[in-house]
Amino acid sequence: MGFVIYFAVLALIAAIGILLYNYNKKKYSVCVQAVITQCDEKVKRISNDNGSSEYKVYFYTCEYYYQGQKYTYEFSQGGSFQFLFVIGQKTDIYIDPDRPDKALLSHTPDKVGIIILLSIVGLLALAGLAILALTLFSKKIGTV
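Residues numbered from 1 in each chain as written. Predicted model: local features only at pLDDT ≥ 70, side-chain atom pairs only at ≥ 80, totals over all residues. Heavy atoms only, no water.

A. Broad picture of the sheet that holds strand β5 (residues 99-104). The antiparallel open sheet is built from 5 strands, whose spatial order is β3-β2-β1-β4-β5. Across the chains shown, the open sheet's two edge strands, defined by having one partner strand only, are β3 (69-78) and β5. Across this sheet, the average inter-strand angle for adjacent strands is 40°, counted without regard to direction. Note that strand β4 (residues 90-96) and β5 share 3 bridges and pair antiparallel. Residue D96 lies in a different strand from β5, and its bridge partner there is R99. (Pairing = 2+ DSSP bridges. Helix = DSSP H or I, 4+ residues; strand = E, 2+ residues; numbered from the N terminus. Axes fitted to C-alpha atoms, helices over the stretch in contact; angles between N-to-C directions.)

As structure tokens, then:
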């Protein structure tokens, strides 16, 4: 009975993740072209037991037009999943047609999130199957 509840919870987590991904994708559905107007680079330092490490964070400002009105979108990127832009470069962004001042650079971070979520669910499912197999195997050995 415990395994049924375990797999039901895993399925519920996966379903919620997929619904959130689809909701966000529908909300930011209009693609417009934006121009990078400003780029600031800052170095962040993290101290830990092994010493300190540095990484760069880029703060961008871009401008875009939607239905004849000019909007500004600011975003930052750092870490492994970042694109490098230069001032004057054009890029596609996704906006919410109901609130054109709200935008996303792309749906890529959403896809990364869903991939990570599904990977975790898959690992938990494999762990559950391993526990089930070990339980059945130990019961079989115990009866011999």
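B. Representation of the nonpolar core. Y64, Y73, F75, I93 and I95 are the most contacted members of the largest nonpolar core, which has 16 residues in total. The set of elements that each furnish at least two residues to this core consists of β1 (30-48), β2 (51-66), β3 and β4. Ranked by residues supplied to this core, first place goes to β2 with 5 residues. Once residues lying within four places of it in the same chain are set aside, the contact partners of Y73 are Y60, T61, C62, Y64, I93, A103, L104 and L105. (Core = buried A, V, L, I, M, F, W, Y, C linked by side-chain atoms within 4.5 Å. Buried < 20%, exposed > 50% of the residue type's maximum accessible area, 1.4 Å probe, protein only. Contact = heavy atoms within 4.5 Å.)

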